Amino acid sequence: STTFFLSGLRFVDLAAFLLLAATFGIFMREERASSRPTTASVMPLQQYVRLHVGSAYLWGLLGSVFGAVYVITPTIQLYDAFIHSLALGFIGLMLLAHGPVILPVVIGRSFEQTRLSNVPLALLTLGLLLRIVGNASMLVFQSDLLGISVALSGWIDLAAVVAFFAEILRGVRG
């Protein structure tokens, strides 16, 4: 009875992750299709948002796949990968994408779009890759260097947040 209940819960979890992956895939496809006609004459803010939103959907899709694999085979340690992919990759990048759009309106100031860069995106992506690849590699190889890279990933993510807020402050000041 307990085994059936647990396997039933796993089926529900798997279905949820697969539906989430399908949703991210559909949104990613629609986002790319809707941004195609205007790519020749887009403003820096539109390019910035499009790149960050596309990256966020990619991380969401990847996190959903990690979650589905984790549910199917919980012995493979992908919990950390799917949590970080969804929380930092999807949610974090959506915050980076929409911050320059929302924050100036909230504080009632204009925003200089030319001050935007992809440095926070690059840092967050690097931090996520270090963590996920480092953790996956540690399943096979025991290395202090891999452990250091996983620990360092959090500091790189923090640097991404600091770079983002510095970018926002520069843009609001004009």
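Scroll up to find the structure.
Residues numbered from 1 in each chain as written. Predicted model: local features only at pLDDT ≥ 70, side-chain atom pairs only at ≥ 80, totals over all residues. Heavy atoms only, no water.

(A) Local environment of the packing of helix H2 (residues 44-72) against helix H3 (residues 79-107). In the contact formed by H2 and H3, the axes pass within 8 Å of each other and the chain directions differ by 165°. Judged on the interaxial angle alone, H3 and H2 are roughly antiparallel. Of the two elements, H2 crosses H3, and the hand of that crossing is left-handed. In the contact of H2 with H3, the residues fall into 20 nonpolar, nine polar and no charged. (Axes fitted to C-alpha atoms, helices over the stretch in contact; angles between N-to-C directions. Helix = DSSP H or I, 4+ residues; strand = E, 2+ residues; numbered from the N terminus. Parallel < 35°, antiparallel > 145°, perpendicular 65-115°, else oblique. Left-handed = near helix turned anticlockwise from the far one by under 90°. Nonpolar A, V, L, I, M, F, W, Y, C, P; charged D, E, K, R; others polar.)

(B) Quick look at the packing of aromatic side chains. Scanning the model with the defined rule gives nine aromatic pairs in all. Considering the side-chain rings of phenylalanine 24 and tyrosine 57, the 6.3 Å spacing of their centres and the 50° angle between planes classify their relative orientation as tilted. Highlighted residues: phenylalanine 24 in helix H1 (residues 2-35) and tyrosine 57 in helix H2, separated in sequence by 33 residues. Judged by relative accessible area, which is 12%, tyrosine 57 ranks as buried. Judged by centre distance (5.3 Å) and plane angle (85°), the ring pair of tyrosine 79 and phenylalanine 82 falls under edge-to-face. Linking tyrosine 79 with phenylalanine 82, this pair stays in helix H3, spanning three residues, or about one helical turn. Look at tyrosine 79 and you get partly exposed, because its relative accessible area is 45%. The class of phenylalanine 82 is buried, set by a relative accessible area of 9%. (Phe/Tyr/Trp six-rings, centres within 6.5 Å; stacked < 30°, edge-to-face > 60°. Buried < 20%, exposed > 50% of the residue type's maximum accessible area, 1.4 Å probe, protein only.)

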